[in-house]
Amino acid sequence: MAIIASHRIMRLRALIEHPNTGADERATAQRMLDRILDRSGYSATGDRTYGDRHHRVGKHADLRSVAEMIRADIALGRIMFAPQTRFGEPAVRDPLGDAPVQIVITVDLPHHGCIDITIDNVPRDWGWVIEDSIECVSPQLQELATELADIMNGYNFDGSDIAKRFFGRVRIPDFTLVW
């Protein structure tokens, strides 16, 4: 009985991981594999971590799908309005919503296994400050880059027993911040 189950598990995993498997067939195979593993008492080991948006594209989504979801999240964040606060309450900070409208944010796939978010057209007076005669990234631009990195990493996973889904960078011309 155990040999039959292990052969099914191997075949289902091969079907799921095969690049020519269609999305519906992959999803069906994944459900079948999950049922077999649930019945066998299988439990995941290791220190895997999944981003809070990981479930939105599914386990086997390609990077193009992930990049599209990141673009959609950024676009939604740019058009949403900050919640109204009452007099005397602290204002809610929204790095995406508070950024100048001329800033252009692009999401690219420069090569296999990598997603780059680039912030262009940053106004000098908003994006940079002078500290000790050195031009540095302003706190507002750093907040924006951190927010974009958080959105991107929400779709990633990592652990000692699995590799990352992708490596991500937030780029600003003349500066590169890596997360």
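Computed from a predicted structure; not experimentally measured. (Residues numbered from 1 in each chain as written. Predicted model: local features only at pLDDT ≥ 70, side-chain atom pairs only at ≥ 80, totals over all residues. Heavy atoms only, no water.)

Asker: Can you walk me through the overall build of the chain in this structure?
Answerer: What the chain contains, in helices and strands, is seven helices and eight strands. Counting all 179 residues of the chain, 34% fall into the buried class. Put simply, the chain shows about 11800 Å² of open surface, and 55% of that area lies on carbon and sulfur atoms. (Helix = DSSP H or I, 4+ residues; strand = E, 2+ residues; numbered from the N terminus. Buried < 20%, exposed > 50% of the residue type's maximum accessible area, 1.4 Å probe, protein only. Areas by Shrake-Rupley, 256 points an atom, 1.4 Å probe, with all protein chains shown as cover.)

Asker: Could you clarify how one ought to interpret the side chain of Asp 116 in this entry?
Answerer: Its location among the elements puts Asp 116 in strand 3 (residues 114–120). Within polar-contact distance, the side chain of Asp 116 engages the side chain of Arg 169 at 2.6 Å. (Polar contact = N/O pair within 3.5 Å; in protein donor to acceptor, adjacent residues only side chain to side chain.)

Asker: Got a minute to help me understand the environment of Asp 34 in this structure?
Answerer: Looking at where Asp 34 falls in the secondary structure, it is placed in helix 2 (residues 23–39). Overall, the relative accessible area of 29% leaves Asp 34 in the partly exposed class. For the pair formed by Asp 34 and Ile 9, sequence separation is 25 residues and the distance between their alpha carbons is 9.5 Å.

Worth remembering: the numbers are spatial, not functional.
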